[in-house]
Amino acid sequence: MEKEPSQIENQSNATPDFNLPNYEPMTLSLMGKLFGVPLIIIGSILAGAIVVVMLFGGPAAPEKQSLDQLLQVLEGSSGEKSLGVLLPREKELWQTALELAERLQKKEVEVTEEELKLLTSRLIAMVRKDTETVENVPTTGAERENQTRLRSGRLEFLIHALGRTEQPEAIEELIHLVRQGREPYVGAAMKQLGDLGANVQARTAVGPILSVLKNSQRIETRLVACTVISVLTEKGNIEAAEALNAARLGSEGELVWSASLALARLGSNAGKVTLLDMLDRGFWSSASRYEVREQNGTVRRFVMPPARVDQLLMATIDAVAFLEDSDLWESIERLKSDTSLAVRARAKAAVEGRVVPRGSAG
């Protein structure tokens, strides 16, 4: 969808417009529905689980270990103790950390409150030790690279496990990790804080996360920051909207899309031009719209897969549903005749559930 130059100019410096219907606060389930961009944010743990199973297979024994036993295994190879760990063992430890993170989602049926507090303090100690020593690998070449990658992944799973305890001390440690800004662990910490969006203490992380959005040079980190800011921030927060708008104007591709969606969720239509594009299937059909960044920094562009286009269109519909803008809603109306059954259904549901403020011309 091409825009007139005057329209682009008018929107590029748009200020947040917060005169909107009073929608319910952001919840984790709503976050998962709203932010299809990027998939890495919402599906990070699931993707990690799939990778582990594909590469290393499932657990060798069907016997289920307790959370305490999982912790003991990890503690035995934490910090300086892990310097002599061989690569095959690192794979097992990565899988153990993943299992611990996944199991803590059902902590209410596995541990008592007292046990959970002790588990949290042990996790904090491990995260601190491993953050200091994660790159101290006694190997060279390709083996060093592989082992560092595995240890880094293990530490990220430990950070996810820490957040899933939901303990005040854990949240404090997550915020500390965000303030440190160390890559890539700051992204894992922000993701867990976003999962705790309803927690008042977690919401105090907004300031540090805004700093990460402004200062990080890593695209994946800034993508997570955009999403989490909109989860933890109250609608109408001018500082957050300005930071997201700056990220939108100073970037391209996926970060522009994520920032525009986050702005919409906070009640700002500053990303209107981008959102209009994102509600147009033709926009996504460009031969160069889909980017793949390789480890060496090379960027390759392809035609966007149809399933991905559907996800992006539906994510944008959900975001725009928090705005009251006639142009955007006209685009949603058009999507009621989209080629995808799922997109048509989402557009129809959005229109039927639309709340038009009294006195609005929309």
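Definitions and limits used
Residues numbered from 1 in each chain as written. Predicted model: local features only at pLDDT ≥ 70, side-chain atom pairs only at ≥ 80, totals over all residues. Heavy atoms only, no water. Helix = DSSP H or I, 4+ residues; strand = E, 2+ residues; numbered from the N terminus. Buried < 20%, exposed > 50% of the residue type's maximum accessible area, 1.4 Å probe, protein only. Contact = heavy atoms within 4.5 Å. Areas by Shrake-Rupley, 256 points an atom, 1.4 Å probe, with all protein chains shown as cover. Core = buried A, V, L, I, M, F, W, Y, C linked by side-chain atoms within 4.5 Å. Expected span 1.5 Å × (residues − 1). Arc of directions from axis to C-beta. Polar contact = N/O pair within 3.5 Å; in protein donor to acceptor, adjacent residues only side chain to side chain. Salt bridge = Lys/Arg side-chain N within 4 Å of Asp/Glu carboxyl O. Axes fitted to C-alpha atoms, helices over the stretch in contact; angles between N-to-C directions. Parallel < 35°, antiparallel > 145°, perpendicular 65-115°, else oblique. Left-handed = near helix turned anticlockwise from the far one by under 90°. Nonpolar A, V, L, I, M, F, W, Y, C, P; charged D, E, K, R; others polar. pLDDT = per-residue confidence, 0-100. Phe/Tyr/Trp six-rings, centres within 6.5 Å; stacked < 30°, edge-to-face > 60°.

Participant: Quick rundown of the overall build of the protein? Include the residues and the values.
Facilitator: On a plain count of helices and strands, the protein comes out with 19 helices and 2 strands. With 362 residues in all, the protein has 49% of them scored as buried. In the protein, the share of contacts with a sequence separation of at least 24, taken over all contacts with a separation of at least 6, comes to 71%. Carbon and sulfur atoms make up 52% of the accessible area of the protein, which amounts to about 17,400 Å² in all.

Participant: Lay out the nonpolar core in plain terms, naming residues and giving numbers.
Facilitator: Ranked by size, the top nonpolar core spans 64 residues in total, and within it Leu-100, Leu-123, Ile-159, Met-190, Leu-193 and Ile-209 carry the most contacts. When residues no more than four places from it in sequence are discounted, the contact partners of Met-190 are Val-178, Ile-209, Val-212, Thr-221, Val-224, Ala-225 and Val-228. Counting 28 residues, the second-largest nonpolar core is a separate cluster that includes Leu-279, Ala-319, Ala-321 and Ile-332.

Participant: Before we move on, could you go through unusual backbone geometry and cite the residues and values that matter?
Facilitator: What you tend to see is this: most non-glycine residues have negative phi, and most peptide bonds are trans. Geometrically, the link from Glu-183 to Pro-184 is a cis peptide bond, its omega value of -5 degrees lying close to zero. Tracing the backbone shows Pro-184 in the loop between α9 (168-180) and α10 (185-195). In this structure, Glu-166 is a non-glycine residue whose phi angle is positive, near 60 degrees. According to the relative accessible area criterion, Glu-166 is partly exposed, its value standing at 42%.

Participant: Before we move on, can you summarise helix α19 (residues 341-352) with the specific residues and values?
Facilitator: For α19, spanning 12 residues, the distance from its first C-alpha to its last is 16 Å, which sits close to the expected 16 Å at 1.5 Å a residue. By the burial criterion, the buried members of α19 are Val-343, Ala-347, Ala-350 and Val-351. Burial along α19 is one-sided: seen end-on, the buried residues are contained in an arc of 95 degrees. Exposed residues pointing more than 90 degrees away from the buried face of α19 are listed as Leu-341 and Glu-352. Buried-residue contacts for α19 involve α16 (281-284), α17 (306-320) and α18 (326-334). The opening residue of α19, the one whose side-chain oxygen lies 3.3 Å from the backbone nitrogen of Ala-342, is Ser-340.

Participant: Now, about the pattern of salt bridges: what can you tell me, with residues and values included?
Facilitator: A full pass over the atoms with the stated rule returns 20 salt bridges. Where Glu-234 meets Arg-203, a salt bridge forms, and the shortest distance between an N and an O atom there is 3.4 Å. Highlighted residues: Glu-234 in the loop between α12 (219-232) and α13 (238-249) and Arg-203 in the loop between α10 and α11 (206-215), separated in sequence by 31 residues. On the basis of relative accessibility, which here comes to 53%, the residue Glu-234 falls in the exposed class. A residue is classified by how much of its surface remains accessible, and Arg-203, at 21% relative accessible area, is partly exposed. For Glu-220, the salt bridge is made with Arg-218, and the minimal N-O distance between the two is 4.0 Å. Looking at Glu-220, the relative accessible area reads 29%, which means it is partly exposed.

Participant: Explain the packing of α10 against α12 to me, using residue names and the numbers behind them.
Facilitator: In the contact formed by α10 and α12, the axes pass within 9 Å of each other and the chain directions differ by 20 degrees. In terms of their interaxial angle, α10 and α12 are classed as roughly parallel. With respect to the hand of their crossing, α10 and α12 are arranged in left-handed fashion. Contacts between α10 and α12 involve Val-186, Gly-187, Met-190, Lys-191, Leu-193 and Gly-194 from the former and Thr-221, Val-224, Ala-225, Val-228, Val-231 and Leu-232 from the latter. Grouping the amino acids of the contact of α10 with α12 by side-chain chemistry returns 8 nonpolar, 3 polar and 1 charged.

Participant: So, α10: which residues are in play, and what are the values?
Facilitator: In terms of burial, α10 is largely enclosed, as 10 of its 11 residues are buried. When we look at burial in α10, the residues that qualify are Tyr-185, Val-186, Gly-187, Ala-188, Ala-189, Met-190, Lys-191, Gln-192, Leu-193 and Gly-194.

Participant: Please give an account of the environment of Leu-341 that cites residues and values.
Facilitator: By the element assignment, Leu-341 lies in helix α19. For the pair Leu-341 and Asp-310, spaced 31 residues apart in sequence, the C-alpha to C-alpha distance is 9.4 Å.

Participant: Describe the confidence of the model for the protein, and please don't skip the residues or the numbers.
Facilitator: Chain-level pLDDT for the protein is 79 on average; 75% of the residues reach the 70-or-more range. Confidence drops under pLDDT 50 across residues 1-62; counting only partners more than four residues distant or on other chains, this segment forms 123 contacts.

Participant: Can you break down the packing of aromatic side chains residue by residue, with the values?
Facilitator: Tallied over the full model, the rule gives 3 aromatic pairs. Summarising the aromatic geometry, the rings of Trp-257 and Phe-283 are spaced 6.4 Å apart at their centres and angled 80 degrees between planes, so their arrangement reads as edge-to-face. In this pair, Trp-257 is assigned in helix α14 (residues 254-265) and Phe-283 in helix α16, connecting sequence segments 26 residues apart. Among the residues examined, Trp-257 registers a relative accessible area of 9% and is labelled buried. Taking the relative accessible area as the measure of exposure, Phe-283 reaches 12% and is therefore buried. For the pair Trp-257 and Trp-284, a centre-to-centre distance of 4.7 Å together with 80 degrees between the ring planes defines the contact as edge-to-face. A residue pair is termed long-range when its members are at least 10 positions apart, and Trp-257 in helix α14 and Trp-284 in helix α16 qualify at 27 residues. According to the relative accessible area criterion, Trp-284 is buried, its value standing at 0%. Counting every residue linked through ring pairs, the aromatic cluster contains Trp-257, Phe-283 and Trp-284.

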